[in-house]
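# Notes for the structure review
For reference, the chains in residue letters:
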Amino acid sequence: MITQTLLSKVDLEGEQVVLANRYAMASGFRADWDEESQLKDFSFAATALPSGNSLQDSLIQVLYRHIVKKSLTVVKPDKKLNIIQVSTKSTDELFAKTFTEQLIHRVMNFYVETKTKKEQDNLNILTHQVDSVRKALYAAIGGVAAATDANPNPNRALQQLGVSSQRRRVDVQANSAILEELVKNQELAKISLRKEMPILQIIDRPILPLESDVMGPIKGALIGAFLLVFLTASALIARVLLKSIH
């Protein structure tokens, strides 16, 4: 799902881009690839895996391993709660936000489909059967009407003339009973599907600008000054202690 998310095309700043290309740029791979003639003009295309392009399939695995080791973090802050925190670290904050949201959306859909597959398949079969029987019922009703129109005043002495109409009425009654039972089962299948449907909710979305881990110049200068004072004081204290020992 991570590689599929990387190979998905999304709208970023009004432009359709493949996330893998954006990540390759932000993580420094693009600069390295530009130095190799075989990779200089390479660009990821939005596709499913395997793509049939050995170069793309190979490079996407490189990005996958890098993003899992260096960028993507999935943790459960509180073991007692069913809350999962997903975060992505990148120098490209727009990529980090979009990739995280797309990955979560893909995982949620996969989880729901997996949990409800059996009930959904059952509902799909019943829905198909309901539609088929309903069409047969409508055709039988139309056949009764057509037979009646063809012989509106049948001669009671000629029983053969009413056979076609009687057959159509039997089809109508049979299909009506079958349809009624199938509709009941269909409603029960819908209830079963709703019971199995997991409740998933995003409770905290990333908001731009994202939190930055990069140390600012002022903060860096203050920390550096503090460390310098601390190390100087430690050296003087150590020097005094050594002299007192001697």
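Let me begin by describing the structure that accompanies this report. (Residues numbered from 1 in each chain as written. Predicted model: local features only at pLDDT ≥ 70, side-chain atom pairs only at ≥ 80, totals over all residues. Heavy atoms only, no water.)

### Here's the deal with the packing of helix H2 (residues 19-26) against helix H5 (residues 93-115)
Closest axis-to-axis distance for the H2/H5 pair is 10 Å, and the angle between their directions is 140°. The orientation of H2 relative to H5 falls into the category oblique. Read as a crossing pair, H2 and H5 show a hand that is left-handed. The segment H2 lies against H5, with Leu19, Arg22 and Tyr23 engaging Leu94, Phe95, Thr98, Phe99 and Gln102. Looking at the contact of H2 with H5 residue by residue, the class counts come to five nonpolar, two polar and one charged. (Axes fitted to C-alpha atoms, helices over the stretch in contact; angles between N-to-C directions. Helix = DSSP H or I, 4+ residues; strand = E, 2+ residues; numbered from the N terminus. Parallel < 35°, antiparallel > 145°, perpendicular 65-115°, else oblique. Left-handed = near helix turned anticlockwise from the far one by under 90°. Contact = heavy atoms within 4.5 Å. Nonpolar A, V, L, I, M, F, W, Y, C, P; charged D, E, K, R; others polar.)

### With respect to the side chain of threonine 98
Looking at the secondary structure, you find threonine 98 in helix H5. With a relative accessible area of 10%, threonine 98 lands in the buried category. Of the polar contacts made by the side chain of threonine 98, one reaches the backbone oxygen of leucine 94; its length is 2.8 Å. In contact with threonine 98, not counting residues within four places along its chain, are Val10, Leu12 and Leu19. (Buried < 20%, exposed > 50% of the residue type's maximum accessible area, 1.4 Å probe, protein only. Polar contact = N/O pair within 3.5 Å; in protein donor to acceptor, adjacent residues only side chain to side chain.)

### Describing the nonpolar core
Among the nonpolar cores identified, the biggest contains 25 residues, and Leu6, Ala20, Trp33, Phe44, Leu63 and Phe99 are the most heavily contacted of them. Going through the elements one at a time, helix H1 (2-6), strand S1 (9-12), strand S2 (15-18), H2, helix H3 (29-33), helix H4 (54-71) and H5 are the ones with two or more residues in this core. Excluding its chain neighbours within four sequence positions, the residues that come into contact with leucine 6 are Val18, Leu19, Ala20, Tyr23, Ile60, Leu63, Tyr64, Ile67, Phe95 and Phe99. Counting residues in hydrophobic clusters, the runner-up holds twelve residues, among them Val130, Leu179, Leu182 and Ala189. (Core = buried A, V, L, I, M, F, W, Y, C linked by side-chain atoms within 4.5 Å.)

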